Amino acid sequence: MKIAIYGAGSLGTILGAFITKGGMDIDLINRNTDHITGLKEKGAQIIGSIRMTVPVKAFLPEEMKDKYDLIFLMTKQMDNTNVIKQLKTHLTGDGVICTMQNGLPELSVAEIIGEDKTFGCAVLWGATMIGNGVCELTSAPEKLTFSLGSLSPNKQAKLEEIKRVLELMGPVEIEENFLGSRWSKLLVNCSFSGMSAVLGDTFGEIAKNKKSRLCVQRIAKECIDTAKKADIKIEPIQGKDICKLLDYNNKLKQKISFAIIPFAIREHRLLKASMLQDLEKGRRCEIDSINGVVCKYGDKYDVP
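Along each chain, the written sequence defines residue order, and numbers are assigned to residues from 1. Only residues with pLDDT of at least 70 get local features here, since the model is predicted, and only at 80 or more are side-chain atom pairs given and counted; chain-wide, interface and lining totals rely on the full set of residues. Excluding hydrogens and water, the side-chain values take into account all heavy atoms of the structure.

A.B. asks: Residues and numbers for the pattern of salt bridges, please.
C.D. replies: The working definition used for a salt bridge is a side-chain nitrogen of Lys or Arg within 4 Å of a carboxyl oxygen of Asp or Glu. Taken as a whole, this structure holds 17 salt bridges when the rule is applied. Taking the shortest distance from any N to any O, the salt bridge between aspartate 116 and lysine 155 comes out at 3.9 Å. Note that aspartate 116 is positioned in the loop between helix H4 (106–113) and strand E8 (118–123) and lysine 155 in the loop between strand E11 (146–150) and helix H5 (156–166), a separation of 39 residues in sequence. Salt-bridge contacts for aspartate 225 lead to lysine 221; the nearest nitrogen and oxygen are separated by 3.2 Å. Of the two residues, aspartate 225 and lysine 221 both sit in helix H8 (residues 210–229), four residues apart, roughly one turn of that helix. Runs of H or I in DSSP of at least four residues are treated as helices and runs of E of at least two as strands, each being numbered from the N terminus.

See the structure below:
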């Protein structure tokens, strides 16, 4: 297989390093010239919960010449239409795009390349860009998991193919209820990533502070209520049933939900949201594609 990661920032660089180390042919593509130069000259330097340096193949978008069997899409969603139209020209005849973006990006990708060529994957771990070619893995090594799925039925063979690639880094769950698994990650992003961006804090700091934890709890509850009204069953995430842990309908359950939030997030306590990293670099963040998705569903299904 010829594989590419388009938008190889912190997450993509680490994923690309693992896949390269596992012996597969993969190109890391990013428009950040300094980052690509760092990758070309010194390899992918991974620090944090895992430390390694891996020589990788890195390119700017204008240096792309090959056609790919599989492209992992890891850019921000603001320019999805133009990006996907460009990537469409770099797919082989049966090539596919697997979007690893936050929110619910599969629908917009499928509008351009079709459902048959669209796959989705929720990345259930976090990372921070430290410097050019240097990325910090901020999740525990045992939590490097993926949730994979498709909008179309009867795609098991291709899903297994993508799964084998991702398993070079960590466990992969193929989800029958893919929309429900997407909502699991969406709930975490809405509650913790939004708060991380607002406060400039890590997930652990947000959970520790009682005022910000209360906001996290209320946002999570709003996500759960909205999904229920839309008849979406939110799936467990990394073995934890989020709804069972965080949903409540009386004062006692509300208190229990509040108390367990720091324990539920402890394996990712060092994570700093990519939205916050964007703001720190003066870039627009993806708030409309994350919290905004729940707002749209809330409007549609009349959930305040």
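A.B. asks: Requested: an account of the packing of helix H6 (residues 178–199) against H8, with residues and values cited.
C.D. replies: Between N-to-C directions, angles cover 0 to 180 degrees, with each direction set by a line fitted to C-alpha atoms, over the stretch in contact for helices. It is the contact of H6 with H8, at a shortest axis distance of 9 Å, that shows an interaxial angle of 150°. By the angle between their directions, the pair H6 and H8 is classed as roughly antiparallel. Considering the relative orientation of H6 and H8, their crossing is right-handed. Contact with H6, carried on its side by Trp183, Leu187, Cys190, Ser191, Phe192, Met195 and Leu199, involves Ser212, Cys215, Val216, Ile219, Ala220, Cys223, Ile224, Thr226 and Ala227 of H8 and no other residues of that element. By definition in this entry, angles of less than 35 degrees are roughly parallel, angles greater than 145 are roughly antiparallel, angles of 65 to 115 are roughly perpendicular, and the rest are oblique. By convention the crossing between two helices is left-handed if the near helix lies anticlockwise of the far one by an angle smaller than a right angle, and right-handed if it lies clockwise. Contact definition: two residues touch when any of their heavy atoms are within 4.5 Å.

A.B. asks: I'd like a description of the packing of aromatic side chains, backed by residues and values.
C.D. replies: Each Phe, Tyr or Trp ring, with Trp reduced to its six-membered ring, pairs with another whose centre is within 6.5 Å; inter-plane angles below 30 degrees give stacked pairs, above 60 give edge-to-face pairs, and intermediate values give tilted ones. Per the counting criterion, the structure on display carries four aromatic pairs. Measuring from centroid to centroid gives 6.2 Å for tyrosine 297 and tyrosine 301, while their planes differ by 20°, and the two rings are stacked. With tyrosine 297 and tyrosine 301 both in helix H12 (residues 291–301) and four residues apart, the pair spans about one turn of that helix. A residue is classified by how much of its surface remains accessible, and tyrosine 297, at 19% relative accessible area, is buried. By definition, being over a ring means that NZ of Lys or CZ of Arg is both within 6 Å of the ring centre and within 35 degrees of the ring normal. Looking at arginine 213, its charged tip hangs above the ring of phenylalanine 258, at a distance of 4.4 Å from the centre. The ring of tyrosine 248 has lysine 221 sitting right over it, with the charged end atom 5.0 Å from the ring centre. Type-normalised accessible area, obtained with a 1.4 Å probe on protein chains alone, sets the label of each residue: buried when under 20%, exposed when over 50%, and partly exposed for intermediate values.

A.B. asks: So, the environment of glutamine 238: which residues are in play, and what are the values?
C.D. replies: Note on placement: glutamine 238 falls in the loop between H8 and helix H9 (242–246). On a C-alpha basis, the gap between glutamine 238 and threonine 89 in space is 36 Å, while along the polypeptide they are 149 residues apart. With residues up to four places along the chain from it excluded, the contact list for glutamine 238 reads Leu124, Lys143, Thr145 and His268. Counted as a polar contact is a pair of N or O atoms within 3.5 Å, where, for protein atoms, one must be capable of donating a hydrogen and the other of accepting one, and residues adjacent in sequence contribute only when both atoms are in side chains. A polar atom in the side chain of glutamine 238 sits 2.8 Å from the side chain of threonine 145.

A.B. asks: Can you tell me about the pairing of E8, naming the residues and giving the values?
C.D. replies: Most of E8 is tucked away: six of the six residues are buried. A two-sided burial pattern is seen for E8, the buried positions comprising Thr118, Gly120 and Ala122 on one face and Phe119, Cys121 and Val123 on the other. Strand pairing requires that DSSP identify at least two bridges connecting the strands. As judged from the three bridges shared by strand E7 (residues 91–99) and E8, these two strands associate in the parallel manner. Paired with threonine 99 across the two strands is glycine 120, which belongs to E8.

Take it as geometry only, folks, not as evidence of what the structure does.
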